Amino acid sequence: MPWSRIIFTVLFIASIGLFLFNVYRLIAMLCLGRWENRFDHLLARLKGVLLFVFGQKRVVRRAFGVNHFFIFWGFMILLGMNSEFLIQGVFPEFSLRFLGRVPYGALLFATDIMSVVVLAAVALAVMRRIAFRPKYIEASRDAFLILGLIAMLMVAYFGVHAAEIALGETDMGGWMPVSGALAGAFATSTPEKIHRSLNASWWVHALALLAFLNYLPYSKHLHVLTAIPNVFFRRIDPVSVPPRLKFELGQDFGVSKVTQFTWKQLLDFMACTECGRCEDSCPAHGTGKDLSPKEMVHRGKLNLFINGGSLLNSRPIDTLAGAPREASMVKPLIDGTAESIPEKDVWSCATCGVCMEECPVFIEHAPKTLEMRRHLVMEKAEFPEELLSLFNNMEQRFNPWGIAPTDRAKWAQDLDIHIVKEDAPADYLFFVGCSGAYDSRARGIALAMAKILDRAGLSWGILGTEEKCCGDSLRRLGNEYVFDQIAQANVAQFKKLGITKVVTHCPHCYTTLKNDYRAYGAEFEVIHHSELIERLIAEGKLPVHARANGRVVYHDSCYLGRHNGLYDAPRHCVEAVSGQAPAEMERSHGRAFCCGAGGGRMWLEETEGKRINIDRTEQALKQNPAAIASACPFCMTMLEDGLKDLGKDGDVKVKDIAELVADAIE
Amino acid sequence: MHIVVCVKMVPDTTLVQIDPKTNTLVREGVPFITNPFDTHAVEEALRLKDRYGGKVTALSMGPPAAEMVLRRALALGADEAVLLSDRAFGGADTLATSKVLSEAIRRIHENEPVDLVFCGLQTIDGDTAQVGPGVACRLGFTQLTLVDHIYEVNQRESYIEVRRKLEGAFERVQARMPALITTTREINTPRYPTVPGRLQAASRALPVWSNDVMKLERAEIGLQGSPTNVRRIFAPQREKGEIINGLNGAHLTAADCMLNKLYEWDILNAD
């Protein structure tokens, strides 16, 4: 056996060994996390892999993603020939020729062509990082190193095959047009020289391949290994509902150590490609706040690797999982250091969910933020001071402002509205919500709803002073303990009253009653007012007349749109009363920009950077609207404040879709 | 250092409304809360414990349901809690209340000497501000009312230095311990309970001292021991002034009405 083959065999075995060891370490680290079942809906999961991995559906949403599409498919095709290459290094007789001459030739042909494509794509990627780099992409050494390695692989590939063709060592030359053309370069060389060149190219290719294999686990290109499982294990339910907690002594609440995340949340950290799309679309980051979903995930990964590494090293070797729960962490998760997440950033998130919508590999950012909030609120009682009165008000008076519960039905005192009681039921319960009941502006929406429900001739009623806040803000802010009490009380009350259909004009009430209360045994149907109004108009039950409302631009509420997929119903309502489809902002539907009030941010000061609501209002004003239509009382407050700050509240009005419709009723 | 803090369960009086017909307080359905002034007393006791170490005992007189305010204090970090509850204590005015509370503190003191007692300045249902001073007198403790800042507790020389918030002035005083302090609302911002704290507090057994334990004369306590007699509760009549209703979209009419009045009274000039 020639020396070179012995050297390669040793290197090959060592590399594969190291690679497998690295993979084992990664899996062992995942097992440090808590259990979570992501093995259901296998068919849907496989479909997702086909669509989002092999189809690269989310990757190609952005133009430059096409470049990645080609690199990805280049890799897929090159996998065959590279395997053959590695095996040949140890067993020179081995060849994929057994596939048959034509299939083998086709594989050679595809590899030859794809190598050029990949080389071009890599060149473009390098150019992008040097010449036209978007803000959210980093021109890191890591990126150049890996792009360089890929380029080196391709060049060496051609070196090997061109030399082989020039030497006449292969009868498949005809299947490799690019290598064949390059072989011409050897026309004047002696066979000895070509041999030396072949040898050199072969070793470059071999070493680059083995280096690539083992550099992967240490770089952002770990995603080559983790993205596919991350897409497979993605959240299938479109709505992200936090798990219900059990309040028992000895439990820990929320996450302060990276190993308190579930294994899937840890896999998220490993799957990040640092493409930066989350950061680019994040309203907090876009308005000058330090929070970046990308940075958060990156820091989570660093934290996992530091703590996971030390845990694995200090643990008996015979168990894959099972690091002690009380294990001390080398690095705390929530802290100001480079491998931790700053506490301030945990509070900057509006849980709008655009990061999750944008992520090509389905990383779930917001649930992690929520777990950290849960820890800060419930274990440490550490939170921005504005929240103290909110939490106390919610617990004592069941509304965020601490207004007397006896005042909850004051908005309806001059109207003859039915109060739903055990012995006085109604088909529809209109859940007014705190804004509609107490906020002087949002009371207008409640009044419009009352008019609409009456004119449609529906049997409906309210809970009056017996209504309590739904608890949305509590839950998004991590105060699960008080949320739990409110949710239990509300579900019990609804059950006692035999309520089957609930209408609400607030997307926060909507998502909480509909999705979050399911874990509390809620079985009633929850309808957003946009859905109900859309249906009533379509069925001809509301005598509306389209009027010239001027140009109306529609703003998507995050919890209505992104979290619950309701994009069309509110638009149809606007269309029915203004005679034309609403104007769209540059960012709408799935990419819509938050108003800044979600995730409990409604109750927090916003001192860092520009205010999100001002930014969003400016985006709306770019469409020169006469009115901004919203379908959420929080969005309404934020946009009206934005207009006031910009001095435009005299020119442009914010109207809830219910108000537009009520105005159009004859 | 051993600190006793007195807390009271009160109806959330900001929610109490007046029945326009009978002119009496409608207490029905009004939730009970910890007297807001007392939440600051608890907080200050806990802050001193955080600063100097020691132990905080929460004390309350009230019906069995009043254990909720004690459990809240425990959840926030108090070490012990005692509920003084007996039908015989019921109907007490500030005199009878002071007697029961001071007797309880005396008993606690015998067992484990007390350095400081904290009370809220006053309660939101009675608003007398008499119980704190009454307890201090009966115990013979130094009386420091209206405290809005504590500079120092010197345990070796057994004195405390505080600031009292008087009308138009602050008073910085040094006083011998044991002392009783009544706190204003400006003294601090109360902390929020952690969930493990709440769960722990909820699972603890709470000692209840009835008069069998306290052994006070029946004539000294409860209704019998209360010289104060409430004859009638009523809302003051509005003799002057008028409320212009601007709710439910009537804001424009309200503004018009307001403007007309201002013209009428020559405060504004129509020209």
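Just so we're clear, the structure is a prediction, and the values are computed from it rather than from any experiment.

## Structural notes on the overall build of chain B
Along the backbone of chain B there are seven helices and 13 strands. Once the C-alpha set of chain B is aligned to its principal axes, its extents read approximately 75 × 40 × 40 Å. Considering only contacts within chain B whose residues lie at least 6 apart along the sequence, 70% involve residues at least 24 apart. Summed over all atoms, the accessible surface of chain B reaches about 14,700 Å², with 50% contributed by carbon and sulfur.

## Some words on the interface of chain A and chain B
Between chain A and chain B, the residue contacts involve 27 residues of the former and 21 residues of the latter. The largest per-residue losses of area from chain A upon contact with chain B belong to Leu249(A), Arg397(A) and Tyr481(A), which jointly make up 26% of the total buried on that side. Seen at the junction of chain A and chain B, the total is three salt bridges. The salt bridge partner of Arg72(B) is Glu395(A), with a shortest N-O separation of 3.9 Å. In this structure, the connection of chain A to chain B is made through five residue pairs in polar contact (both at pLDDT 80 or more). Counting only elements with at least two residues in the side of chain A that touches chain B, the list comes to α15 (366–379), α16 (386–397) and α20 (480–496) of chain A. For the side of chain A that touches chain B, the class distribution of residues is 13 nonpolar, five polar and nine charged.

## Quick look at unusual backbone geometry
Residues and elements named next belong to chain B. In this structure, the amide linkage connecting methionine 177 to the following residue, proline 178, adopts the cis form with an omega of 0 degrees. Inspection of the secondary structure puts proline 178 in the loop between β11 (169–176) and β12 (179–183). Backbone geometry places alanine 129, a non-glycine residue, at a positive phi of 65 degrees. Along the chain, the position of alanine 129 falls in the loop between β8 (116–120) and α4 (131–139). Residue classification places alanine 129 among the partly exposed residues on the basis of a relative accessible area of 28%. Phi at aspartate 266 is positive, roughly 65 degrees, even though this residue is not glycine. With respect to the element layout, aspartate 266 can be found in the segment after α7 (251–264).

## Here's the deal with the confidence of the model for chain B
Per-residue confidence for chain B gives a mean pLDDT of 91; residues scoring 70 or more make up 96%. We note a pTM of 0.92 for the whole complex and an ipTM of 0.89 for its interfaces.

## A word on the environment of His563(A)
Residues and elements named next belong to chain A. Position of histidine 563 relative to the elements: it lies in the loop between β5 (552–554) and α23 (568–578). Among the residues examined, histidine 563 registers a relative accessible area of 8% and is labelled buried. C-alpha separation for the pair histidine 563 and valine 354, spaced 209 residues apart in sequence, amounts to 9.5 Å. The contacts of histidine 563, once residues within four sequence positions are left out, are Pro238, Val239, Thr351, Cys352, Gly353 and Cys558.

## Some points on the domain arrangement of chain B
Note on interface size: it is often stated as the accessible area lost on association of the parts. Segmenting chain B into domains produces domain 1 (2–220) and domain 2 (241–271). On a C-alpha basis, the centroid separation for the pair domain 1 of chain B and domain 2 of chain B is 46 Å.

## Let's talk about the environment of His572(A)
Residues and elements named next belong to chain A. Structurally, histidine 572 can be placed in helix α23. Sequence separation of histidine 572 and phenylalanine 52 is 520 residues, and the distance between their C-alpha atoms is 31 Å. Side-chain polar atoms of histidine 572 contact the side chain of glutamate 534, separated by 2.5 Å.

## Description of the state of the cysteines
Throughout this description, disulfide means a covalent bond between two cysteine sulfur atoms. Residues and elements named next belong to chain A. Following the criterion strictly, the structure yields zero disulfides over all chains and no others. In this structure cysteine 275 is a free cysteine whose sulfur lies 6.2 Å from that of cysteine 278, the closest cysteine sulfur available. Here cysteine 282 stays free of any disulfide, with the sulfur of cysteine 352 as its closest cysteine sulfur at 6.5 Å. Given the relative accessible area of 8%, cysteine 282 is considered buried.

## Some thoughts on the sheet that holds strand β6 (residues 55–61) of chain B
All names here are of chain B. If you trace the nine strands from one edge of the open sheet to the other, you get β11-β10-β9-β12-β8-β1-β6-β7-β13, paired in mixed fashion. Looking at which strands have only one partner, the edges of the open sheet turn out to be β11 and β13 (208–209). Across two bridges, the pairing between strand β7 (residues 80–84) and β13 is parallel. Bridge pairing in β13 links leucine 84 to tryptophan 209. Sheet contacts for helix α3 (residues 94–111): β1 (2–6), β6, β7, β8 and β13; angle to β6, the most-contacted strand, approximately 150 degrees.

## Topic: the pattern of salt bridges
Residues and elements named next belong to chain A. Applying the stated criterion to the full structure yields 61 salt bridges over all chains. Among the ionic pairs, glutamate 480 bridges to arginine 374, the shortest N-O distance being 3.1 Å. With glutamate 480 in helix α20 and arginine 374 in helix α15, the pair connects residues that are 106 residues apart, well separated along the chain. Each member of the pair, glutamate 480 together with arginine 374, is buried. We note a salt bridge from aspartate 407 to lysine 410, for which the minimum N-O separation is 3.9 Å. Aspartate 407 sits in the buried class, given a relative accessible area of 16%. Residue lysine 410 is classed as partly exposed on the basis of its relative accessible area of 32%.

Cut-offs applied
Residues numbered from 1 in each chain as written. Chains lettered and ligands numbered in written order. Predicted model: local features only at pLDDT ≥ 70, side-chain atom pairs only at ≥ 80, totals over all residues. Heavy atoms only, no water. Helix = DSSP H or I, 4+ residues; strand = E, 2+ residues; numbered from the N terminus. Contact = heavy atoms within 4.5 Å. Areas by Shrake-Rupley, 256 points an atom, 1.4 Å probe, with all protein chains shown as cover. Buried area = accessible area lost by both parts, 1.4 Å probe. Salt bridge = Lys/Arg side-chain N within 4 Å of Asp/Glu carboxyl O. Polar contact = N/O pair within 3.5 Å; in protein donor to acceptor, adjacent residues only side chain to side chain. Nonpolar A, V, L, I, M, F, W, Y, C, P; charged D, E, K, R; others polar. Buried < 20%, exposed > 50% of the residue type's maximum accessible area, 1.4 Å probe, protein only. pLDDT = per-residue confidence, 0-100. Domains from an automatic or database assignment. Disulfide = S-S within 2.5 Å. Pairing = 2+ DSSP bridges. Axes fitted to C-alpha atoms, helices over the stretch in contact; angles between N-to-C directions.

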